[in-house]
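As a plain string of letters, each chain reads:
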Amino acid sequence: MITKRQFLAGSLGAAALAVSARGASAQEVPKEFRVGFQKSSGILVTARQQQALEKHLKPLGVENVKWIEFQFGPPLLEALGSGSVDIGTVGDTPPIFAQAAGANLLYVASAPATQNATLVQKDSPIKTVADLKGKKVAFAKGSSSHNFIVQALKKNGLRYTDIEPVFLAPADAAAAFASNRVDAWTVWDPYYALAQKRHDARAIVTTADGLPSHSFYLANKGLVERSPRTVQGALDALREVTAWAAQNRDKVAALTSELTGVEYEAQKIATDRYPIEFNPVTQTAIRQQQEIADTFLELNLIPRKITVTDIVWSQARA
């Protein structure tokens, strides 16, 4: 038999739990969800056009989704780590530099990388990676192309110190390449495709030459801890968009071209030559990331040893 005191205690306890739940809910759902994207982020661009994140996040209480464009990965992850962006996608190398710098972020999903290539002018005497010895090679520091050129050199018997790195963001590198101020340019799509179309650039090595890598979705760690369901809602939306995109590459190229300003012919080339998938963060991906981190430490490109698994969201692992 329940006494009056027990009944009142239970009622007060239930009321306290209800108030606590409402308070937690209010704290856990951001009013605005901010997405960082690049010209290479075809899935995010498509998601923006289809308002996929808005549809998934509004029922959770998110009132607005804000889209912020970045030229390449490191500035995006700097914003992500500082909390001014909530989620974004980058290549394999930016997270290594970000983690080494103590950025407040987590890997939350993965995808195949867009194509990277090392390009030379069509009439350049440089024919192979071995010919890059002593040459000026432009690429964005801390970008996926940074790792790509390191790995390409290693695979072809050269060391990183055998070239003269020229750290340039894609727009500046494109200008330097066009004016022959550098001997080669390592970059990812769609800049790779644009260089082919505008300058008849010739690739001496590409991702397809046994140099695979991953792209990753990363989220602000604080947001993941405060509101995992918001992050999961965004990932569910991106998974659906990816499945649609894999069956509609022409439409993805057209949408990406329209919203980023990359001419359609180049964007179509870029879209057609990479796998469109949405994956968990597998042990293979983690192992490859750790190998990159260890290599960059050996080259003194990052200041300290890192353990990649330390910043992989538990719910994202395969």
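Description of the structure in this document. Everything quoted here is computed from the prediction, not taken from an experiment. (Residues numbered from 1 in each chain as written. Predicted model: local features only at pLDDT ≥ 70, side-chain atom pairs only at ≥ 80, totals over all residues. Heavy atoms only, no water.)

The subject of this paragraph is helix α13 (residues 283–298). Count 3.6 residues to each turn of an α-helix, and residues three or four apart come out pointing the same way. The terminal C-alpha atoms of α13, which comprises 16 residues, lie 22 Å apart, in line with the 22 Å expected from a rise of 1.5 Å per residue. Every buried residue of α13 is accounted for by A285, I286, Q289, Q290, I292, A293, T295 and F296. Buried residues in α13 make contact with α5 (94–100), β4 (105–112), α6 (144–155) and β10 (214–220). Positive backbone phi, at 60°, marks N300, one or two positions downstream of α13. (Helix = DSSP H or I, 4+ residues; strand = E, 2+ residues; numbered from the N terminus. Expected span 1.5 Å × (residues − 1). Buried < 20%, exposed > 50% of the residue type's maximum accessible area, 1.4 Å probe, protein only. Contact = heavy atoms within 4.5 Å.)

The next subject is the packing of aromatic side chains. Using the criterion set out here, one finds 7 aromatic pairs in the structure. An angle of 40° between the planes, with centres 5.3 Å apart, marks the rings of Y217 and F278 as tilted. Taken as a pair, Y217 in strand β10 and F278 in the loop between α12 (264–272) and α13 lie far apart in primary sequence, 61 residues in all. Owing to a relative accessible area of 4%, Y217 belongs among the buried residues under this scheme. On the accessibility criterion, F278 (15% relative accessible area) is buried. Between R273 and the ring centre of Y192, over which it is positioned, the NZ or CZ distance is 3.7 Å. (Phe/Tyr/Trp six-rings, centres within 6.5 Å; stacked < 30°, edge-to-face > 60°. Lys NZ or Arg CZ within 6 Å of the ring centre and 35° of its normal.)

Before going further, it helps to spend a moment on the side chain of T260. Position of T260 among the secondary structure elements: in helix α11 (residues 249–260). For T260, a relative accessible area of 8% translates into the label buried. Looking at T260, its side chain comes within polar contact range of the main-chain nitrogen of V262, at 3.4 Å. (Polar contact = N/O pair within 3.5 Å; in protein donor to acceptor, adjacent residues only side chain to side chain.)

Turning our eyes to something else, we now look at the pairing of strand β5 (residues 116–120). The buried count for β5 comes to 5 of 5 residues, which makes it a mostly enclosed element. Pairing between β5 and strand β8 (residues 184–188): 4 bridges, direction antiparallel. Residue pairing for β8: L119 is matched across the bridge by W185. One ladder, built from 4 bridges, connects β5 with strand β9 (residues 202–206); its direction is antiparallel. In the strand pairing of β9, V120 is matched with R202. (Pairing = 2+ DSSP bridges.)

This part covers the sheet that holds β9. Note: strands within a sheet are paired through backbone hydrogen bonds, in either parallel or antiparallel orientation. As summarised here, the arrangement of the 5 strands in space is β7-β6-β8-β5-β9, forming an open sheet in which the pairing is mixed. Across the chains shown, the open sheet's two edge strands, defined by having one partner strand only, are β7 (164–167) and β9. Neighbour-to-neighbour, the strand axes of this sheet turn through a mean angle of 30°, independent of strand direction. As paired elements, strand β6 (residues 136–139) and β8 share 2 bridges and run parallel to each other. Paired with A138 across the bridge in β8 is W185. (Axes fitted to C-alpha atoms, helices over the stretch in contact; angles between N-to-C directions.)

Per the counting criterion, the structure on display carries 12 salt bridges. For E263, the salt bridge identified is with K197, shortest N-O distance 2.9 Å. Pair noted here: E263 is in the loop between α11 and α12 and K197 is in helix α8 (residues 191–199), with a separation of 66 residues, a long-range link. The class of K197 is partly exposed, set by a relative accessible area of 42%. Residue K268 pairs with D250 through a salt bridge whose shortest N-O separation is 3.1 Å. With K268 in helix α12 and D250 in helix α11, this pair connects stretches of sequence that are 18 residues apart. Judged by relative accessible area, D250 falls into the partly exposed class, the value being 46%. Among the ionic contacts, a cluster of salt bridges with common partners joins K197, R198 and E263. (Salt bridge = Lys/Arg side-chain N within 4 Å of Asp/Glu carboxyl O.)

Bringing the packing of α8 against α12 into the picture now. For the pair α8 and α12, interaxial distance at closest approach is 8 Å and the crossing angle is 135°. Comparing their axes, α12 and α8 come out oblique. With respect to the hand of their crossing, α8 and α12 are arranged in right-handed fashion. Along the contact surface, α8 presents A193, L194, Q196 and K197, while α12 presents E265, A266, I269 and A270. The residue inventory of the contact of α8 with α12, partitioned by class, reads 5 nonpolar, 1 polar and 2 charged. (Parallel < 35°, antiparallel > 145°, perpendicular 65-115°, else oblique. Left-handed = near helix turned anticlockwise from the far one by under 90°. Nonpolar A, V, L, I, M, F, W, Y, C, P; charged D, E, K, R; others polar.)

Of all the residues in helix α7 (residues 170–178), the buried ones are P170, A173, A176 and F177. For α7, the angular spread of the buried residues around the axis is 120°, confining them to a single face. (Arc of directions from axis to C-beta.)

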